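Now for the letters of each chain:
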Amino acid sequence: MGLSAAFWAPLGLLLSLALHPALGTHTHRDYCVLGAGPAGLQMAAFLHRAGRDYQVFERAPAPGSFFTHYPRHRKLISINKRYTGRDNAEFNLRHDWNSLLSHDPWLLFRHYSRAYFPDAGDMVRYLRDFANRLGLHVQYNTDIVHVTLEKDRRAWNGHYFILTNQKGQVYQCSVLLVATGLSVPNQVDFPGSEYAEGYESVSVDPEDFVGQNVLILGRGNSAFETAESILGVTNFIHMLSRSRVRLSWATHYVGDLRSLRLSSGSKFSKKYPLIRASYESKGSRGLFILGTASHSVDYRKSAGGFIHGFRYTVRAVHRLLEHRHHGIAWPCTEHPITQLTNSIIRRVNEASGLYQMFGVLADVILLKENATMFEYLEEFPMQMLAQLETLTGRMAKHGLFIINMEYGKNFSGPDKDVFFHDRSVGHTEDAWQSNFLHPVIYYYRHLPTEQEVRFRPAHWPLPRPTAIHHIVEDFLTDWTAPVGHILPLRRFLENCLDTDLRSFYAESCFLFTLTRQKLPPFCQQGYLQMQGLVSTKSLREHGVESRLLRDYATMGQVLEDSSQQPDDHEPVRHTLATGHLIQSLDSNKEEL
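Scoring rules and cut-offs
- Residues numbered from 1 in each chain as written.
- Predicted model: local features only at pLDDT ≥ 70, side-chain atom pairs only at ≥ 80, totals over all residues.
- Heavy atoms only, no water.
- Helix = DSSP H or I, 4+ residues; strand = E, 2+ residues; numbered from the N terminus.
- Buried < 20%, exposed > 50% of the residue type's maximum accessible area, 1.4 Å probe, protein only.
- Contact = heavy atoms within 4.5 Å.
- Disulfide = S-S within 2.5 Å.
- Core = buried A, V, L, I, M, F, W, Y, C linked by side-chain atoms within 4.5 Å.
- Expected span 1.5 Å × (residues − 1).
- Pairing = 2+ DSSP bridges.
- Axes fitted to C-alpha atoms, helices over the stretch in contact; angles between N-to-C directions.
- Parallel < 35°, antiparallel > 145°, perpendicular 65-115°, else oblique.
- Left-handed = near helix turned anticlockwise from the far one by under 90°.
- Nonpolar A, V, L, I, M, F, W, Y, C, P; charged D, E, K, R; others polar.
- Patch = residues over 30% accessible without salt bridge, like charges linked within 9 Å, V, L, I, M, F, W, Y side chains within 5 Å.
- Areas by Shrake-Rupley, 256 points an atom, 1.4 Å probe, with all protein chains shown as cover.
- Salt bridge = Lys/Arg side-chain N within 4 Å of Asp/Glu carboxyl O.
- Phe/Tyr/Trp six-rings, centres within 6.5 Å; stacked < 30°, edge-to-face > 60°.

### Let's talk about the overall build of the protein chain
Along its length, the protein chain carries 18 helices and 15 strands. Within the protein chain, the fraction of its 592 residues that count as buried is 48%. Residue pairs at least 24 apart in sequence account for 65% of intrachain contacts in the protein chain once pairs closer than 6 positions are excluded.

Here you go:
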């Protein structure tokens, strides 16, 4: 059982996966994490919080050693937007591309830098504090130089990973999580290439380039980072590459040119290992690739190669491991069906993982029997949908919804403009023509099979659904408009479920009880269980002003005044007209 050298060479790690004879004494760990960079520490934080047996191995004397050298000119371009106008912590992570996920509110990058583009030294300091404050188990100055397989039927995956460090010490691991990043520089080979100097070693002192003509091979972020630093002292700067300049604002891929971004120019096949959509190796069960090296799953599609993306894919891997090895089902929340619309609207407006890992991680709603309740699962790897029940421990027997964030089909590429004039921006009937990032809801009566996922239509992220709904795009990614966003979504959900998801006053539920065979879920779960809307003075006044309710209080006062007239010796008998409509079912106001 072996892996090609091309698979592992970019990771800077010599792995020889083969049968290995029984070794002597060694230290056993359920989980071994290679690398104490952002991805390794993120996985360690999840394992630590879950109380698992794990160890992180780092060859440097401190975490985040990559950022002590890169970017060469020390400015990151992962944004640190400290003010968003919101107090919602989850929403704010959409604009915080450096923080890792933890339960400690002080471990947010906003506390480490005020700069929109922080200094790399701030990242080193942040990662050090992240490891120390959470008490993560990191073994520094340990270089894992050899990895082999030892077959054992008692092992979780049918084998153990045997790790050997530079001192010959041996460790036995049930699961191996590789988070070593991409450490091998891109190499060029042409006549005269021996005179070229690589980004990893070129001088960062502008004085070394005074009055010179400079040729830079490449037009990515590292090339422009270097060019910007010497622009003021050189005669000419020539930049040459095999492809056009790809600007991130046009392609909507964070790996393209933004500002000062380290970027290797190597080809995809040599740069990233080939792994499953679950981030597990295709050749060795129990071997997972995390962080930048896992970008093969969403290369040039989403943000999985960057901190603000892989912090969520690492969490997804941890949840998969929790179920596989510890029997803990994928976390979910359970709600009555009447909260379905609100649950979706809340997530698409607040969730960071769904927003950053668009097209890769999606929310899943599993319907219960008779569609009276539902389970809400967050950020599940979309391409593993056919295996959802096996991977999560949740059942999808009564239908499901998938909530995904998508761009339009023509949002990226040469001469493409995501904001082209003919796209849909406000007309709900043309929402499917939205080209900017927007939520798309897929409805399936049955869980798709692996064959359906594999042979889905071209350019579709999922198999063809029973029904599909696009929420029309919004430039500010704010999908809270009652008529433009919420109402069309609710009607789509009602059509899929063949039910009424509106909320009603108790008077309406009482009327439905007398006139309908099937009550709306809100009345079933609320009014009939005496849990309907609580009548308050302001609520009743609003109902009267909107002409949804009669003003019985005023009518009662009129009767009381008339009955107390001095000339009347007999009580005046009046019949209170209840009216032909208690709560108008045709009212546009009630529809909202």
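### A closer look at the state of the cysteines
Under the counting rule described, the total for this entry stands at two disulfides. Two residues, C32 and C173, share a disulfide whose sulfurs are 1.8 Å apart. In this structure the cystine formed by C32 and C173 twists about its S-S bond by roughly -75°; its chirality is therefore left-handed. Taken together, the residues C32 in strand β1 (residues 27-34) and C173 in strand β6 (residues 170-178) connect sequence positions 141 residues apart. Residue pairing for C509: its cysteine sulfur links by disulfide to C523, the two sulfurs lying 2.1 Å apart. Between C509 and C523, the S-S dihedral sits near -80°, and the bridge is therefore left-handed. Of this pair, C509 sits in helix α14 (residues 506-515) while C523 sits in helix α15 (residues 521-525), and the two are 14 residues apart along the sequence. With relative accessibility at 0%, the residue C509 sits in the buried group.

### Here's the deal with the nonpolar core
Membership of the largest hydrophobic core comes to 84 residues, with the highest contact counts inside it found for L136, L163 and L177. Here the element with the most residues in this core is helix α8 (residues 307-326); it accounts for eight residues. The contact partners of L163, leaving out residues within four places of it in the chain, are C32, L34, F57, I144, H146, V147, Q169, V170, Y171, C173 and L176. In this structure, I344, M405, F436 and I471 belong to the second largest nonpolar core, which totals 30 residues.

### Description of helix α13 (residues 482-497)
Here α13 is 16 residues long and its end C-alpha atoms lie 21 Å apart, about the 22 Å a rise of 1.5 Å per residue gives. All of the buried residues along α13 are H485, L487, P488, L489, R490, F492, L493, E494, C496 and L497. Where α13 terminates, the next one or two residues include D498, which has phi positive at roughly 55°.

### Concerning the sheet that holds strand β12 (residues 373-381)
Ordered in space as β10-β12-β11-β13-β14-β15, the six strands form an open sheet in which the pairing is antiparallel. Each of the sheet's edge strands pairs with one partner strand only, and the pair in question is β10 (332-336) and β15 (467-470). In this sheet, neighbouring strand axes are inclined to one another by 20° on average, regardless of whether the strands run parallel or antiparallel.

### Brief notes about the packing of helix α9 (residues 340-350) against α13
Relative to each other, α9 and α13 sit at 130°, their axes nearing to 10 Å. The orientation of α9 with respect to α13, classified from their angle, is oblique. Once α9 is placed against α13, the crossing between them reads as right-handed. Two secondary-structure elements touch here, α9 through L340, T341, I344 and I345 and α13 through I486, L489, R490, L493 and L497. Looking at side-chain class alone, the contact of α9 with α13 contains seven nonpolar, one polar and one charged residues.

### Notes on a nonpolar patch on the surface
Taken together, the side chains of V188, F190, L215, L217 and L240 make up a nonpolar region of the molecular surface, amounting to roughly 450 Å² of accessible area. Tracing the sequence through the fold places V188 in the loop between β6 and β7 (213-217). On the accessibility criterion, V188 (42% relative accessible area) is partly exposed.

### As for the pattern of salt bridges
Opposite charge on two side chains allows them to pair when their charged atoms are near. Tallied over the full model, the rule gives 17 salt bridges. In this structure, R154 engages D152 in a salt bridge whose closest nitrogen and oxygen atoms are separated by 2.9 Å. The salt bridge partner of E494 is R490, with a shortest N-O separation of 3.0 Å. Residue E494 and its partner R490 are located together in helix α13, separated by four residues, close to a single helical turn. On the accessibility criterion, E494 (11% relative accessible area) is buried. In the salt-bridge network here, residues are joined through shared partners; they are R315, R347, D363, E378 and E379.

### Let's talk about the packing of aromatic side chains
Applying the stated criterion across every chain yields a total of 16 aromatic pairs. Here Y407 and F436 contribute two aromatic rings whose centre-to-centre distance is 5.9 Å and whose plane-to-plane angle is 75°, an arrangement assigned as edge-to-face. Residue Y407 is located in the loop between β13 (400-406) and β14 (438-444), and its partner F436 is located in the loop between β13 and β14; the two are separated by 29 residues in the primary sequence. Taking the relative accessible area as the measure of exposure, Y407 reaches 16% and is therefore buried. F436 gets classed as buried once you look at its relative accessible area, which sits at 11%. Between F436 and F475, the ring centres sit 6.3 Å apart and the planes meet at 25°, which makes this aromatic pair stacked. Taken together, the residues span a long stretch of sequence, with F436 in the loop between β13 and β14 and F475 in the loop between β15 and α13 at a distance of 39 residues.

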